[in-house]
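# Examination of the molecular architecture
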Amino acid sequence: MAISREELLKLAELARLNLSDQEIDAIQSDLNRVLEHFERLKELELADVPLTPHSVDATNVWREDIPYENGLTREEALENAPEVRAGLFLVPSIIE
Amino acid sequence: MADLTQLSAAEMRRRLDAGEVTAEELLEAHLERIRELDPILQAFVTVDEAGAREGAKRAQERIEAGEACPLTGIPVALKDNLATKGIRTTCSSKILENWVPPYSATVVQRLEMQDAVLVGKTNLDEFAMGTSTEFSAFFPTRNPWDTERVPGGSSGGSAAAVAAALVPLALGSDTGGSIRQPAALCGIVGFKPTYGRVSRYGLVAFSSSLDQIGPFARTVEDATLLFEAIFGHDPKDATTVEEPYDPARARGVDIQGLRIGCPAEMFSDQVDEVVRDTVLAARAKLEAAGAIVEDFSAPIIEHGVSTYYIIAPAEASSNLARYDGVRYGLRVPADSPNEMMKQTRAQGFGKEVKERILIGTYVLSSGYYDAFYATAHRARTLMRQELRKAFEKYDLILSPTSPTVAFRLGEKSSDPIALKLADFCTIPANVANFPAISLNCGFADGLPVGLQLMADSYRDDLLLGAARTVESILAIEPKAAPIAAHG
């Protein structure tokens, strides 16, 4: 199971990453070596083993639906934004 | 004054409370040492002298009022992936180079509640992805035992700072060994608590089901003091737990009859002979002191690295999707949002981070999800089952922390796979969720060798107590590293 150059470019598109030609070559080679290593997991008998996606057994930890008293103000939430207008995050126009 | 920096945090506490030294004097001694040595070591990304001086003043007032807590007035450094309100928090990444958080991590707030003196932010592999601190987007940190060598990583800045006595205490984060491995390579103590012990609120997320914050110190006692200041349930992190913890047990346990297992898979020929010999010599001392030490085998350990390098990149690819140039962090201007995001991420992330995002994107993509991601989570279950069986027989699992001593800068960074394979002793504690600690057990060719102890989940108190006992049996004088150029 090796990743082709085309597949890598598709992954990069999905992950919103532009890659240079030099990066493509290096990353393709590294990724394929990592994938080769993953093949070893096939040695394990896993069919009846449940998944452990979480590290603690707790499920559905709820709290009251009220904001923390020391939550961020709008100004604080915006102060690291690259571009702001009228108290909103500004991005390049989406609709032509 | 410089000798003040050589004291343990516990001894600093005693002298502060006795009025033999003030918090300001203690801080100035450390700042002086930082000014002298950090240009060589490059452990810090940011030193907050002004903030630290204010902190020391507050601490001194509190000490004089007789209201000191265990860490009041003690200098502490923070890995630069812990959010600090008003202080730049970079993750050693270009994408967060100028990010000033509007809030502080829970662990930072808890240190502030004690009036610990927060000195600055330490270097790391970008977004905590790496084992040498060479993947910092800014500069590599040097190992104080040999400045031609790496301090380990990803929390290499915190480890080097403590080892060189720039601070007595520091916090790091550990996802696959990022506290324990640099502690081993720098000859100090590094502790990864059980997942859920310490709030991750304000820790910049790498792999959310594996990340855990923990302490660096030069003695187990000091590491325990720092851990006890930060652990416990936090409503802001739903994965934190309220499990029993006995501080008395953490002060020492009887070595007589302590059952210790040594997994063959962590003493294999993948471990350098000098490291293995040093750890085995330490093991023999524990046996002579009355511990019952046995060999056992847990073959699942050999699948830990593969399991980890599926789960961690998968979670990272999702967590790092937030760096899109919209709300904070770097933005590279472009005509469309899509192009803006792609260029921002292309320029903002380093190669290692890009690789891990792409691995994660791949293992989560439809068609491969079962083959990789689900398989890794099944292997994770097996790892936990097999090691829990071992903990029915043993109180502790003992192993080397790292298969090598500190390596030279540039020696391995060109081979990211080799770097990843070296994590096989530390990864099981994250993947299967056990607390684990690394402490110095001797030297090989003048470089420190780390011994790792691991205990069953939530037995952090037993682990710290046992580590303290082991430390006293090995009787290796805890001292700051010489700042040694390669000779």
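Residues numbered from 1 in each chain as written. Chains lettered and ligands numbered in written order. Predicted model: local features only at pLDDT ≥ 70, side-chain atom pairs only at ≥ 80, totals over all residues. Heavy atoms only, no water.

### Quick look at the overall build of chain A
How we decide: Helix numbers and strand numbers start at the N terminus; a helix is a DSSP run of H or I with at least 4 residues, a strand a run of E with at least 2. Computation of the radius of gyration draws on C-alpha atoms alone. For the globule rule, the value is 2.2 Å times the number of residues to the power 0.38. Exposure classes here rest on a 1.4 Å probe applied to the protein chains alone. A residue is buried below 20% of its type maximum, exposed above 50%, and partly exposed in between. By definition in these notes, contact holds between two residues if any of their heavy atoms fall within 4.5 Å. Surface accessibility in these figures is a Shrake-Rupley result with a 1.4 Å probe; residues are shielded only by whichever protein chains are displayed. His residues and chain termini do not enter the charge count, which takes Lys and Arg as positive and Asp and Glu as negative. Every charge is mapped to an atom, namely NZ of Lys, CZ of Arg, CG of Asp or CD of Glu.
Of the regular secondary structure elements, chain A holds three helices and two strands. In sequence order, chain A lays out its α and β elements as α-α-α-β-β. In terms of C-alpha radius of gyration, chain A reaches 22 Å, well past the compact-globule figure of 12 Å for 96 residues. Once the C-alpha set of chain A is aligned to its principal axes, its extents read approximately 55 × 45 × 25 Å. Counting over 96 residues, chain A shows a buried share of 29%. Summarising the internal contacts of chain A: among those between residues at least 6 apart in sequence, 29% fall at separations of at least 24. When the accessible surface of chain A is split by element, carbon and sulfur atoms take 52% of a total near 7,100 Å². Put simply, chain A has 9 plus and 21 minus side-chain charges, and the middle of one group is 4 Å from the middle of the other.

### A few points about the pairing of strand S8 (residues 292-296) of chain B
All names here are of chain B. In plain terms, the rule: If DSSP finds at least two bridges between two strands, the strands pair. Orient the strands so they point away from the viewer; a crossover is then right-handed if the path from the first strand over the helix to the second runs clockwise.
Where strand S7 (residues 259-263) lies against S8, five bridges are found, and the strand directions are parallel. Opposite Arg259, over in S8, you have Ile292 as the bridge partner. Each parallel crossover has a hand, and the one from S7 via helix H9 (residues 273-288) to S8 is right-handed.

### What about the side chain of Arg356 of chain B?
Residues and elements named next belong to chain B. Checked against the element boundaries, Arg356 lands in helix H12 (residues 351-364). Take Arg356: its relative accessible area is 3%, and that puts it in the buried class. Leave out the neighbours within four places in its chain, and Arg356 touches Met129, Gly130, Phe206, Tyr309, Pro313 and Lys420.

### So, the sheet that holds S8 of chain B
Across a sheet, paired strands are connected by hydrogen bonds in the backbone, their directions being either parallel or antiparallel. All names here are of chain B. Put simply, the rule is: For helices, the axis comes from a line fit to the C-alpha atoms of the stretch in contact; other axes are also lines fit to C-alpha atoms, and the angle between any two N-to-C directions lies between 0 and 180 degrees.
With mixed pairing, 11 strands are arranged side by side in an open sheet as S1-S3-S2-S4-S6-S5-S10-S11-S9-S7-S8. The open sheet has two edge strands, strand S1 (44-47) and S8, and neither has a second partner. Ignoring which end each strand starts from, the neighbouring axes of this sheet average 30° apart. Pairing between strand S2 (residues 75-79) and strand S3 (residues 117-122): five bridges, direction parallel. Residue Lys79 lies in a different strand from S3, and its bridge partner there is Thr122. Its contacts with the sheet place helix H16 (residues 460-474) against strand S5 (189-192), strand S9 (396-400), strand S10 (436-444) and strand S11 (447-454), and it is angled at close to 15° to S10.

### Some points on the pattern of salt bridges
The line we're drawing: Within this document, salt bridges are pairs made up of a side-chain nitrogen of Lys or Arg and a carboxyl oxygen of Asp or Glu, the two lying within 4 Å of each other.
Per the counting criterion, the structure on display carries 35 salt bridges over all chains. Where Arg16 of chain A meets Glu13 of chain A, a salt bridge forms, and the shortest distance between an N and an O atom there is 3.9 Å. What makes Arg16 of chain A partly exposed here is its relative accessible area of 30%. Glu13 of chain A sits in the partly exposed class, given a relative accessible area of 33%. With a closest N to O distance of 3.8 Å, Glu287 of chain B and Arg283 of chain B form a salt bridge. Here Glu287 of chain B and its partner Arg283 of chain B are both found in helix H9, four residues apart, which amounts to about one turn of the helix. Residues participating in the shared-partner salt-bridge network are Glu11, Arg14, Arg15 and Glu20 of chain B.

### So, helix H1 (residues 9-17) of chain B
All names here are of chain B. For clarity, the threshold we go by: The arc refers to the directions leading from the helix axis to the C-beta atoms.
For H1, the complete set of buried residues consists of Ala9, Ala10, Met12, Arg13 and Leu16. Within H1, the buried residues cover an arc of 160° as seen down the axis, which keeps them to one side. Of the surrounding elements, those touching the buried residues of H1 are helix H2 (23-41), helix H3 (49-64), S2, strand S4 (169-174) and helix H7 (220-230). One or two steps after H1, the chain reaches Gly19, where phi turns positive at roughly 75°.

### Describing unusual backbone geometry
All names here are of chain B. For the bond running from Gly153 to Ser154, omega is 10°, close enough to zero to count as cis. By secondary structure assignment, the location of Ser154 is in the loop between S3 and helix H5 (156-163). Its identity as a non-glycine residue notwithstanding, Asn433 has a phi of 60°, on the positive side. By secondary structure assignment, the location of Asn433 is in the loop between helix H15 (427-431) and S10.

### Let's talk about the domain arrangement of chain B
All names here are of chain B. Rules: Where each domain starts and ends comes from a domain assignment, either automatic or drawn from a database. Here the quantity called buried area is the total loss of accessible area, with a 1.4 Å probe, experienced by two parts when brought into contact, counted for both. Pairing of N or O atoms within 3.5 Å defines a polar contact, subject to two protein rules: one partner must be a possible hydrogen donor and the other a possible acceptor, and residues neighboring in sequence count only if both atoms are side-chain atoms. Think of it as three bins: nonpolar holds Ala, Val, Leu, Ile, Met, Phe, Trp, Tyr, Cys and Pro, charged holds Asp, Glu, Lys and Arg, and polar takes everything else, Gly as well.
Parsing chain B into structural domains produces domain 1 (2-251 + 467-474) and domain 2 (302-375). Using only C-alpha atoms to locate each centre, domain 1 and domain 2 end up separated by 28 Å. Contacts between the two partners involve 19 residues from domain 1, matched on the other side by 21 residues from domain 2. Contact between domain 1 and domain 2 buries roughly 1,600 Å² in total, counting both sides, with carbon and sulfur atoms accounting for 65%. Sorting the residues of domain 1 by area buried against domain 2 places Ile95, Met129 and Phe206 first, and these three jointly supply 39% of that buried surface. Our enumeration of links across domain 1 and domain 2 arrives at 10 residue pairs in polar contact (both at pLDDT 80 or more). The class makeup of the residues in the side of domain 1 that touches domain 2 is 10 nonpolar, seven polar and two charged.

### Quick look at the interface of chain B and chain A
Across the contact, 68 residues belong to chain B and 54 residues belong to chain A. Between chain B and chain A, roughly 5,300 Å² of surface is buried when both sides are summed, and carbon and sulfur atoms account for 66% of that area. Between Lys354 of chain B and Glu23 of chain A there is a salt bridge; the shortest N-O distance is 2.6 Å. Along the contact surface separating chain B from chain A lie 21 residue pairs in polar contact (both at pLDDT 80 or more). Listed by contribution, the elements that provide at least two residues to the side of chain B that touches chain A are helix H10 (304-319), helix H11 (337-348), H12, helix H13 (370-393) and helix H14 (416-421) of chain B. A class-by-class count of the residues in the side of chain B that touches chain A yields 34 nonpolar, 18 polar and 16 charged.

### As for the environment of Asp146 of chain B
Looking at the element boundaries, Asp146 of chain B is found in the loop between S3 and H5. Overall, the relative accessible area of 8% leaves Asp146 of chain B in the buried class.

### Overview of the packing of aromatic side chains
Residues and elements named next belong to chain B. We count it as follows: Between rings of Phe, Tyr and Trp, where Trp is taken as its six-membered ring, a pair exists when centres lie within 6.5 Å; planes separated by under 30 degrees are stacked, by over 60 edge-to-face, and by other angles tilted. Cation placement over rings: the criterion is NZ of Lys or CZ of Arg within 6 Å of the ring centroid and within 35° of the ring normal.
Taken as a whole, this structure holds 19 aromatic pairs over all chains when the rule is applied. Ring centres 6.3 Å apart and planes at 45° place the aromatic pair Tyr368 and Phe372 in the tilted group. Residue Phe372 is classed as buried on the basis of its relative accessible area, which comes to 4%. By way of ring pairs, the aromatic residues Trp99, Phe127, Tyr323, Tyr328 and Phe349 are connected into one cluster. One residue, Lys412, lies across the ring of Phe407, its end atom 4.7 Å from the ring centre.

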